[in-house]
Every structure is written in C-alpha cells, then in structure tokens.
Amino acid sequence: DHSADQTTNVITIGSTVKVEMNGEIDEFIIVGRTEANPSQKKISNESPLGKELIGKKVGDEVEIIIPKGKVKYKILEIS
C-alpha cells in the first residue's frame, strides 16, 4: 500500500519539482502567487509553467509557449 507517499505522486502547491529541459536539469518549487520568486526558483501555480505542472506526475512532459518559442519540460522527480 503506497498511500503514505501519495502526496508526492502528483504536483501540487508546495511541491519541489525536478525537470529536464533541453538536456539541462532544473528544479522549481510550486508556490501560491504571493510567494512567487523566480530568482529563488519559486514559481506561481498561476504562471504558465506552474499551471501546466499542477496535477502532473513523474515521467509526464509539459510544453509551454514562451517568447522564444515552445519549451518542453520532462518531470523527473517530485518531492
């Protein structure tokens, strides 16, 4: 029974998410809008990336459109 670690199976506010983008590993913390601080890797659940990540699981890929084009993030780890 894996119910104890159910909280880290999907991304929610408060999750730390490790992603891969173009071969580079990055890590973000999903926070509420008032706590967002991109320089500290804290991204809002209302930001384009945050919105896409909420509810996703390890192994999922999300795509967001940024001014430079489309960026694909692969979710490696959720904690």
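Quick notes on the rules
Residues numbered from 1 in each chain as written. Predicted model: local features only at pLDDT ≥ 70, side-chain atom pairs only at ≥ 80, totals over all residues. Heavy atoms only, no water. Pairing = 2+ DSSP bridges. Helix = DSSP H or I, 4+ residues; strand = E, 2+ residues; numbered from the N terminus. Axes fitted to C-alpha atoms, helices over the stretch in contact; angles between N-to-C directions. Buried < 20%, exposed > 50% of the residue type's maximum accessible area, 1.4 Å probe, protein only.

J.: For this particular structure, what's the right way to read the sheet that holds strand β5 (residues 69–78)?
T.: Strand pairing in a sheet relies on backbone hydrogen bonds. The paired strands run either parallel or antiparallel. Spatial ordering of the open sheet is given by β3-β2-β1-β5-β4, a layout of five strands whose pairing is mixed. What marks the edges here is a single partner per strand, and that holds for β3 (42–44) and β4 (61–66). In this sheet, adjacent strand axes meet at a mean angle of 45° when their direction is disregarded. Sheet analysis places strand β1 (residues 16–21) next to strand β2 (residues 24–31), joined by six bridges and oriented antiparallel. Bridge pairing in β2 links Thr16 to Ile29.

J.: Looking at this structure, how should I read the pairing of β4?
T.: Sheet faces and side chains relate simply in a regular strand, where the side chains alternate between the two faces. Bridge analysis of β4 against β5 gives six bridges, and the strand direction is antiparallel. Each bridged residue has a counterpart across the sheet, and for Ile64 the counterpart in β5 is Val71. Hairpin connection of β4 to β5: two residues between the antiparallel strands.

J.: Teacher, can you tell me more about the environment of Ala36 here?
T.: The topology assignment puts Ala36 in the loop between β2 and β3. Judged by its relative accessible area of 33%, Ala36 falls in the partly exposed class. As a C-alpha pair, Ala36 and Glu46 span 10 residues in sequence and 9.6 Å in three-dimensional space.

J.: Where do I start with the environment of Gly23 in this structure?
T.: You can see Gly23 is positioned in the loop between β1 and β2. Of the residues examined, Gly23 reaches a relative accessible area of 59% and is grouped as exposed. Sequence-wise, Gly23 and Lys74 are 51 residues apart; in three dimensions their C-alpha atoms are separated by 9.8 Å.

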